[in-house]
Amino acid sequence: MRMFLQFFAGVLLLSEPLVAAAGDNNDIPAPAYRTELNVVYSQVEGHALTLNAFLPKGTTNAAPAIVDIHGGWFFGGGPASRFDQVGGWQTFTRHGVAIFSIQYRLGGEGGFPQNIRDCRNAIRFIRQNAKTFNIDPDRIDVTGGSAGGHLSLMVAMVPEDFDDGGPTAGLEGVSAKVCGSFSYIPPTDFIRFWDEGPGDVVTNSAGKISFRNPDDKIPNDSRPHFRVLFHGAVPDTDEHKSLYTEMCPIGHVRKDVPPLLICDGEKDPIVPGLEGKELYEKLQSAGADATYWLTTNGGHAFPSGPGFGEVLENFVTRSLKIEVPK
């Protein structure tokens, strides 16, 4: 299934919440939910990584699940503490989908591939504890925006044996596979992102060269971020370019990835150039199951506008195999 969709919406900047209404079909009542906060899913290098779980009440059958990965340039942010802080929550709760929002290592303590490993280990933990959470281990999607959009795509697209350090203790032998990914405003091509970013070299009066720190006021300030996230490596050699490509979705295009819904903002100042479209077109050429949504005039924000709720609804019910009452 390959789709290209487009709509008109206003511009929101990075500082605005990346959560918005995403449901056109409101005739299905949402169940009540219970909350479990700060559940430790992994112990790694002295870090206790946690997740928050929002679980439908009063259900007998195991629920489908979606795992939210927060944004913040891989440096900031944190898991949602309420389910209504998760983009698309109206659609998810209307269908009784269990929602998880996860923590991962940030900045220099995280980076690549550590943050990818954390997200995949969260999937393993949720699957391993499916009975405890009363979810279906074979119906787990992933979602996220911005940095979380990148990570949700990586979780969905990388092979099971992806070299990220692997399962942490107690999660060995548990699959990190998901059924689909809904990602919005994601960086998908790190070499392109680096090349399009402003310079970060600083030369003092004595001619000594150094590099400035990341600046949140500078749009698309990729280079100082990547110097930290790639632990000093920059894409200046074939080896380093290969590393950058391996750590982003553009390096994992193939036909047999799970269903993907990818959304761009046309005038996104943080991730400019429609990187999601670039990925979508490569997936389309490979014969993969990918859907694309472009927000005309949209910024770095959650997709919205007439028709998007239906697109998200169709994607979620299809990827999670949810039967919709007629």
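This is a predicted model, so every value here is computed, not measured. (Residues numbered from 1 in each chain as written. Predicted model: local features only at pLDDT ≥ 70, side-chain atom pairs only at ≥ 80, totals over all residues. Heavy atoms only, no water.)

Things to note about the environment of Ile209
Here Ile209 lies in strand S9 (residues 209-211). In this structure, Ile209 is in contact with Val201, Val202 and Thr203, ignoring residues within four places of it in sequence. (Helix = DSSP H or I, 4+ residues; strand = E, 2+ residues; numbered from the N terminus. Contact = heavy atoms within 4.5 Å.)

Some thoughts on the pattern of salt bridges
One pass over the full model with this rule turns up 15 salt bridges. Between Glu45 and Arg105 there is a salt bridge, with the nearest N and O atoms lying 3.1 Å from each other. Here the residue Glu45 occupies a position in the loop between strand S2 (33-44) and strand S3 (47-56), and Arg105 occupies one in the loop between strand S5 (98-102) and helix H2 (114-128), the gap between them amounting to 60 residues. As a salt-bridge pair, Arg105 and Asp118 come within 2.9 Å of each other at their nearest N and O atoms. Placement of the pair is Arg105 in the loop between S5 and H2 and Asp118 in helix H2, with a sequence separation of 13 residues. An identical accessibility class is assigned to Arg105 and Asp118; each is buried. A single salt-bridge network, built from bridges that share partners, covers Arg120, Arg124, Glu160 and Asp164. (Salt bridge = Lys/Arg side-chain N within 4 Å of Asp/Glu carboxyl O. Buried < 20%, exposed > 50% of the residue type's maximum accessible area, 1.4 Å probe, protein only.)

Topic: a nonpolar patch on the surface
A contiguous nonpolar patch, built from Val201, Ile209 and Phe211 and spanning about 290 Å² of accessible area, is present on the exposed surface. Its place among the elements puts Phe211 in strand S9. (Patch = residues over 30% accessible without salt bridge, like charges linked within 9 Å, V, L, I, M, F, W, Y side chains within 5 Å. Areas by Shrake-Rupley, 256 points an atom, 1.4 Å probe, with all protein chains shown as cover.)

Topic: the nonpolar core
Formed by 64 residues in total, the largest nonpolar core has its most connected members in Leu51, Phe100, Ile135, Phe190, Phe226 and Leu283. The element best represented in this core is helix H4 (residues 147-157), accounting for 7 residues. Look past the residues within four positions of Leu283 in its chain and what remains in contact with it is Met157, Val253, Arg254, Val257, Leu260, Ile262, Ala288 and Ala290. Listed in part, the 22 residues of the second largest apolar core include Phe54, Phe92, Trp293 and Phe308. (Core = buried A, V, L, I, M, F, W, Y, C linked by side-chain atoms within 4.5 Å.)

A closer look at the packing of aromatic side chains
As enumerated under the stated definition, the model contains 26 aromatic pairs in all. Seen in terms of ring centroids, Tyr33 and Phe83 are 5.3 Å apart; in terms of plane orientation they differ by 45°. Their pairing is tilted. Residue Tyr33 is located in strand S2, and its partner Phe83 is located in the loop between strand S4 (63-69) and helix H1 (89-94); the two are separated by 50 residues in the primary sequence. Classification of Tyr33 as buried rests on a relative accessible area of 11%. (Phe/Tyr/Trp six-rings, centres within 6.5 Å; stacked < 30°, edge-to-face > 60°.)

Some remarks on the environment of Arg94
Here Arg94 is to be found in helix H1. Looking at Arg94, the relative accessible area reads 5%, which means it is buried. For the pair Arg94 and Gly58, spaced 36 residues apart in sequence, the C-alpha separation works out to 14 Å.

Let's talk about the environment of Leu51
Relative to the helices and strands, Leu51 is located in strand S3. Its relative accessible area of 0% is what places Leu51 among the buried residues. Residues Leu51 and Leu274, 223 residues apart in the sequence, show an inter-C-alpha distance of 31 Å.

A short note on the side chain of Asp141
Along the polypeptide, Asp141 turns up in strand S6 (residues 135-145). Here Asp141 sits buried without a salt bridge, and the closest side chain of opposite charge, Lys321, lies 8.5 Å off (N-O distance). At 2.5 Å, the side chain of Asp141 forms a polar contact with the side chain of Ser319. Beyond its immediate stretch of four places on either side in the chain, Asp141 contacts Ala65, Ile66, Val67, Cys179, Gly180, Phe315, Ser319 and Leu320. (Lys, Arg positive; Asp, Glu negative; His and termini not counted. Polar contact = N/O pair within 3.5 Å; in protein donor to acceptor, adjacent residues only side chain to side chain.)

Section: unusual backbone geometry
Keep in mind that most residues, glycine aside, have a negative phi and that most peptide bonds are trans. Cis geometry is found at the peptide bond from Phe112 to Pro113, where omega equals 10°. You can see Pro113 is positioned in the loop between S5 and H2. With a phi close to 50°, Glu45 is a non-glycine residue in the positive phi region.

A short note on the confidence of the model for the chain
Within the chain, residue pLDDT values average 91, and 91% of them lie at 70 or more. Across residues 1-25, where pLDDT falls below 50, the model places 89 contacts with residues more than four positions away in sequence or in other chains. (pLDDT = per-residue confidence, 0-100.)

Some words on the packing of H2 against H4
Two elements in contact, H2 and H4, have axes whose closest approach is 10 Å; the angle formed by their N-to-C orientations is 65°. For the element pair H2 and H4, the recorded crossing hand is right-handed. For the pair formed by H2 and H4, the contact residues are Asn115, Ile116, Cys119, Arg120 and Ile123 on the first element and Leu151, Met154 and Val155 on the second. Class assignment of the residues belonging to the contact of H2 with H4 gives a composition of 6 nonpolar, 1 polar and 1 charged. (Axes fitted to C-alpha atoms, helices over the stretch in contact; angles between N-to-C directions. Left-handed = near helix turned anticlockwise from the far one by under 90°. Nonpolar A, V, L, I, M, F, W, Y, C, P; charged D, E, K, R; others polar.)

Quick word on the pairing of S2
Looking at chain direction, S2 and S3 are connected through 9 bridges and run antiparallel. If you follow Gln43 over to S3, its bridge partner there is Ala48. Linking S2 back to S3 in an antiparallel pair, the connection comprises 2 residues, with Glu45 at a positive phi of about 50°. (Pairing = 2+ DSSP bridges.)

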